[in-house]
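Coordinates in review
The primary structure of each chain is shown beneath.
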Amino acid sequence: MLKNLIDYLNKAKNENFAIGQFNFSTIDQLQGIAKASLEMSAPVICGTSTGEAQFFGMYEAVAMVKALREERGVPIFINLDHGKDIDLIKKAVDIGYDAVHFDGSELDIEDNISLAKEVVDYAKNKDVVVEGEVGKIGGSSSVHEDKLEQSTLTSMDKIVRFIKETGVDTLALDAGTVHGVYSNSPEIDFNRIEEASIKTNSFIVLHGGSGVEDEDIKEAVKKGVVKININTELRAVWRDALYKEMSDNPKQIVPYKILCASRDAVSKKTKQKIILFGSDLRQ
Ligand code: 13P
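None of the values given here were measured: they were computed from a predicted structure.

1. Observations regarding the pattern of salt bridges
- Across all of its chains, the model carries 25 salt bridges by this definition.
- Two residues, R161 and E165, come together in a salt bridge whose shortest N-O distance is 2.9 Å. With a gap of four residues between them, R161 and E165 both fall in helix α7 (residues 156-166), about one helical turn apart.
- Overall, R161 belongs to the partly exposed group, its relative accessible area being 29%.

Okay, here's the thing in structure tokens:
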């Protein structure tokens with residue numbers, strides 16, 4: 001196993017694959033992600049949004065991910081996803097998150113830069129990877145019945161300035177995707193991915209990975225995306241598997257028997273994504 005997350009991000013960049021960030025908020029989801037990672041020797045990042053982190057417990061999430069990595073040999077890391085509150089982000093750094101995402105995309109550029117810099121300064125001493133965001137990536141991690149509205153993308157000059165002045169490691173790039181699954185798939189600006197990767201020399205992250213066509217994911221990776229975030233598709237298979245299990249066996253009350261189905265469904269979906277992203281590192 002490589003030493004840390006930056007080593008894996010560099011490997012992904014050099015070898016042209018992407019590392020999946022898979023969000024979780026329950027133990028069976030985390031077990032499913034870890035199982036996929038272990039069986040495929042694939043580096044994965046577990047993501048917790050603020051809500052997911054508060055439900056699971058930040059200390060508990062870090063302790064479990066570290067135990068999986070250090071005791072069980074799973075190449076697994078943890079990122080605080082879309083952190084907006086500086087105190088919460090600093091707490092994540094102190095507790096032992098491997099990465100934190102400061103989402104200042106709703107702020108004006110000056111405030112976004114100044115707070116992102118504060119996070120970078122705080123995280124640097126502890127070797128924690130920092131992700132920044134300039135243009136807002138909208139939507140929500142759910143299944144929507146309506147069509148997705150493509151929004152206007154931020155100017156590349158603003159993005160380059162943000163990266164230069166803050167020194168964040170990874171960039172959540174607005175490239176046409178939004179969070180969630182809609183009745184149509186997003187139109188991705190592949191040239192923008194390539195341009196951002198070259199001009200910022202940072203690790204490019206694709207948010208809103210659910211509901212994107214497989215061919216588009218492959219093209220995005222070719223153009224320089226090294227991290228792809230998936231939440232909605234995992235939530236959907238988790239929910240469907242749990243619902244089916246409980247409907248098929250209404251008298252079952254043993255949690256570890258009920259939750260095998262949702263754990264395995266999450267694991268299967270995670271494996272599919274790992275193969276698609278090219279991060280199956282089995283020899
Ligand atoms: P999806 O819900 O579309 O997979 O997006 C997840 C995400 O980008 C988390 O930051």
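Now that the structure has been shown, the text picks up again.
2. Looking at the sheet that holds strand β4 (residues 99-102)
- Taken in spatial order, the eight strands close into a barrel running β1-β2-β3-β4-β5-β7-β9-β10, and their pairing is parallel. When strand polarity is set aside, the average angle formed by the axes of neighbouring strands in this sheet is 25°.
- Looking at chain direction, β4 and strand β5 (residues 129-133) are connected through four bridges and run parallel. The residue of β5 that forms the bridge with H101 is E131.
- The strands touched by helix α4 (residues 58-70) are β2 (44-48) and β3 (76-83); relative to β3, the strand with the most contacts, the crossing angle is about 150°.

Reading guide: rules and limits
- The residue numbering used here restarts from 1 in each chain and proceeds along that chain's sequence as written.
- It should be noted that, the model being predicted, local features are given only for residues of pLDDT at least 70 and side-chain atom pairs only at 80 or more, the latter also being counted only at that level, while totals for whole chains, interfaces and linings use all residues.
- By convention in this description, side-chain values take in all heavy atoms of the structure and omit both hydrogens and water.
- Any Lys or Arg side-chain nitrogen located within 4 Å of an Asp or Glu carboxyl oxygen qualifies as a salt bridge.
- Only DSSP runs of H or I covering at least 4 residues are called helices, and only runs of E covering at least 2 are called strands; the numbering of each starts at the N terminus.
- Each residue is assigned to one of three classes by its accessible area relative to the maximum for its type, calculated with a 1.4 Å probe on protein chains only: buried under 20%, partly exposed between the two thresholds, exposed over 50%.
- By this definition, two strands are paired if DSSP reports at least two bridges between them.
- Lines are fitted to the C-alpha atoms to define the axes, a helix being fitted only along its stretch in contact, and any angle between axes, read from their N-to-C directions, falls within 0 to 180 degrees.
- Contacts between residues were defined by any pair of non-hydrogen atoms, one from each residue, lying within 4.5 Å.

Purely spatial values, then, with no claim about function.
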